[in-house]
Structure formats: C-alpha cells, structure tokens
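Examination of the molecular architecture
Chain by chain, the residues run as shown.
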Amino acid sequence: MSQTVSCTVLFADLRGSTSLYESLGNAEAASVVTHSVSVVGRIIEGQGGRVIKTLGDGLMAVFPNPLPAVRSAEEVHESIERITGSSKPARRPAMRVQIAMVHGEMIEVAGDCFGDAVNVSARLLDAAGDNETLLTTQTIEQLPVDMRDRFRRLERLHLRGRLEPVEVWRLEPRRLQDAASTMFGDSAPASAPEGIRLTVDGVSRIHSVRNLPVIIGRSHEANYCVDDSRVSRSHARIEWHSGTFQLTDLSSNGTYVRFGRQSEIITLRRGACTLHGRGVICMGVSPNVLNAPTIGFEVLRFDDTDPQPL
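As the structure is a computational prediction, the values presented were derived from the model and not from experiment. (Residues numbered from 1 in each chain as written. Predicted model: local features only at pLDDT ≥ 70, side-chain atom pairs only at ≥ 80, totals over all residues. Heavy atoms only, no water.)

1. Here's the deal with a nonpolar patch on the surface
Under the convention used in this document: Exposure above 30% relative accessible area and the absence of a salt bridge qualify a residue for a patch, where like charges join within 9 Å and nonpolar side chains (Val, Leu, Ile, Met, Phe, Trp, Tyr) within 5 Å. Every accessible area reported is derived by Shrake-Rupley at a probe size of 1.4 Å, with residue values counting cover from the shown protein chains alone. Any carboxyl oxygen of Asp or Glu within 4 Å of a side-chain nitrogen of Lys or Arg constitutes a salt bridge here. Where helices and strands are cited, they refer to DSSP runs of H or I of at least four residues and of E of at least two residues respectively, numbered from the N terminus. Residue exposure (1.4 Å probe, protein chains only): buried if accessible area is under 20% of the type maximum, exposed if over 50%, otherwise partly exposed.
A cluster of nonpolar side chains, I107, V109 and F114, forms an exposed patch at the surface whose accessible area comes to about 240 Å². Within the secondary structure, I107 sits in strand 4 (residues 96-109). Exposure remark for I107: the relative accessible area of 32% places this residue in the partly exposed category.

Okay, here's the thing in structure tokens:
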C-alpha cells in the first residue's frame, strides 16, 4: 500500500572512483568505495534519515525534514575529506562528494520512492559541483531562520523534465560562514573592489563582485548564451567565492581553461578552478579545436571603472 508524504529526499554521489580503480586496482578501489558509501549511510542514519537504496558510488535517502539532512551533508563532506586526506593513501586520487536535497511530496512503493521531490533531487545532483550540496528554495524555507544564512543563492537552473527553472542554493562550508561574500550572494567583500572582464565575439562586459554569479550556457536564461551543440544548457558558473573568482563546470562535455600564453590546458569535469590574470574559457572542447566556443576573461583590480550591470 502506498501513500503520499512530504519529506526531504537526498541524493549523494561519490566522484573520482574511476581514477581509484585505475591507480589502486579493482580490489583495493572497491574496498575504498564501499567503505566510503557505508560511512555516508551511517552518517545519514545517525541523523535520523533512512537509506532507500545504494546507487553504485552513491545512495538515496529520505528525512522527515531538511534540518537533519543538512547536518548529514555537512558531516559527509567532512568525513570524506578526512578519508581522502589521510596520510596512508598518498598515491590515492582524491574522491569528491556531490549532494542534492529537495523537500516535497513523494510516494513510497515496495521500498522505493517516486514523485516530484525524487525527480528534482536526482536532476539537481547533476548540477552539483565537486564537494557541493545544492538545495531548492522550497527546501531552504523549511529550515530554521538562523540557519538560512549558511546558504548562497546561485541561479535558476533548467532541470531536465521540468518546464520552469528551479532556484538553487548552495550550502557553504562552516569555515566560510562568517565571510561576507557567502551571505545569500548579496554582500561584497570589504576589501578593494575587483572585477572580471568577459569577452564574447569581440564584445566585453565587466562584472563586479556584486554582479556575480554569472552562468554560461546554451540556454537563453544564461547570462552568456552560447549557441553551440557542444555547450550544455547550464555549462559553467563564475562566482566570487572565498576571496577569488571561481569557475565551476556544470556540463556534460567539460570546460577547458588556458591562462595567458601558456600551452597547458586545464580540464574541468564537474570541478572548479580559480581564475587569475587573463585567458580563455572553452566549452565542450579544447581551445585547440577549430571554431571552439570560447569566452575570454581578464581578472581586474579597478578603482574608477564602473561595472556594467547585467
């Protein structure tokens, strides 16, 4: 027998397991992954959640409300960081964890869960960067007021299977809680203002800290719409984070960065890097590919330049 209930659905996924299998071999890598997923499950159950099923390198769980789910997410991030940062596995590639949670209606049938909250949470997981926890506005509103300043508003994302975009928030690490730049994305650091110039097809726009984040993608909802089949709808995000300009890949095909005249190309696949100096950001393919969709960037320190509003 099934019934519709309101709860918080959480998906967690460990990334980096492929590199583990390549570097450690099947037996040892499988042991590390299994142990890590078990740790995540124990943390969730310790906070009053219930693991519905494991999904390879991840799992799905439900909570009665978002508060214990958020506490679980914080503990999971810290535990995975300890596991991958221990001294023993120095040759082990780092694992990262992505978490998404949505509070809403679902139906449980024969031990599995279905419904809108499940679908949105699963799609939201696809948009999470490494070591990120993403939530929807509806989920944030279920949290105590004094806890909501732990989250930073990102953007409205178009999730597969939904007509309307979803407003998304990111849980900030505890160590960044007091930083002004993490408070709902509305406050700028007190230090000297900085900006970033983005150039597309010869047209440049300067963004101050207050104008961020910006989204690059194929969707017309993106701040920079790049009409190319190799570009995802929401391909990459540029934001002011912990005192630096951060580029985060959100795509299926990856984001590539080349700084200045260097030949080295940094490849981001659901990862992030700090932007400095000047260079190019390429979506979906390497900058070496002919007619690659590219955006130029230049990090600025300016006193008398008026940033252009979005």
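2. Remarks on the confidence of the model for the protein
Regions with low pLDDT should not have their predicted coordinates read in detail. For the record, the criterion: Per-residue confidence from the predictor is reported as pLDDT, which spans 0 to 100. We call two residues in contact when some of their heavy atoms are within 4.5 Å.
Mean pLDDT for the protein: 82, with 84% of residues reaching 70 or above. Every residue in residues 176-193 scores below 50 in pLDDT, and together they form 35 contacts with partners more than four places removed in sequence or on other chains. Within the model, pLDDT remains below 50 along residues 304-310, and this stretch shows 17 contacts once partners closer than five positions in the same chain are excluded.

3. Focus: unusual backbone geometry
A cis geometry characterises the amide bond from L212 onward to P213, with omega recorded as 5°. Within the fold, P213 resides in the loop between strand 10 (203-208) and strand 11 (214-217). If you check the backbone angles, N291 has positive phi at about 60° while not being a glycine. Structurally, N291 is set in the loop between strand 18 (278-283) and strand 19 (294-301).

4. Description of the pattern of salt bridges
Scanning all chains against the criterion turns up eleven salt bridges. The salt bridge involving E132 is made with R237; its shortest N-O contact spans 2.7 Å. Here R237 lies in strand 13 (residues 236-241) and E132 lies in the loop between helix 4 (116-127) and strand 6 (133-136), a separation of 105 residues in the sequence. For E132, a relative accessible area of 7% translates into the label buried. When its relative accessible area of 0% is taken as the criterion, R237 is described as buried. What emerges from the salt-bridge pattern is a single network uniting E132, R170, E172, R237 and E239.

5. Points about the environment of D112
By secondary structure assignment, the location of D112 is in strand 5 (residues 112-114). In this structure the C-alpha to C-alpha distance between D112 and I52, which are 60 residues apart in sequence, comes to 6.4 Å. Apart from the residues lying within four places of it in its own chain, the contact partners of D112 are I52, K53 and I107.

6. Let's talk about helix 4
Since the α-helix packs 3.6 residues into each turn, any two residues three or four apart lie on the same face. So the rule is basically this: In this analysis, the expected span of each helix is defined as 1.5 Å times one less than the number of residues it contains.
Here helix 4 contains twelve residues, and its C-alpha end-to-end distance of 17 Å stays within 8% of the 16 Å for a straight helix at 1.5 Å per residue. The complete set of buried residues in helix 4 reads A117, V118, V120, S121, L124, L125 and A127.

7. A short note on the environment of V51
One can find V51 in strand 2 (residues 50-55). In this structure the C-alpha to C-alpha distance between V51 and V62, which are eleven residues apart in sequence, comes to 6.6 Å. Look past the residues within four positions of V51 in its chain and what remains in contact with it is G41, I44, E45, L59, M60 and A61.

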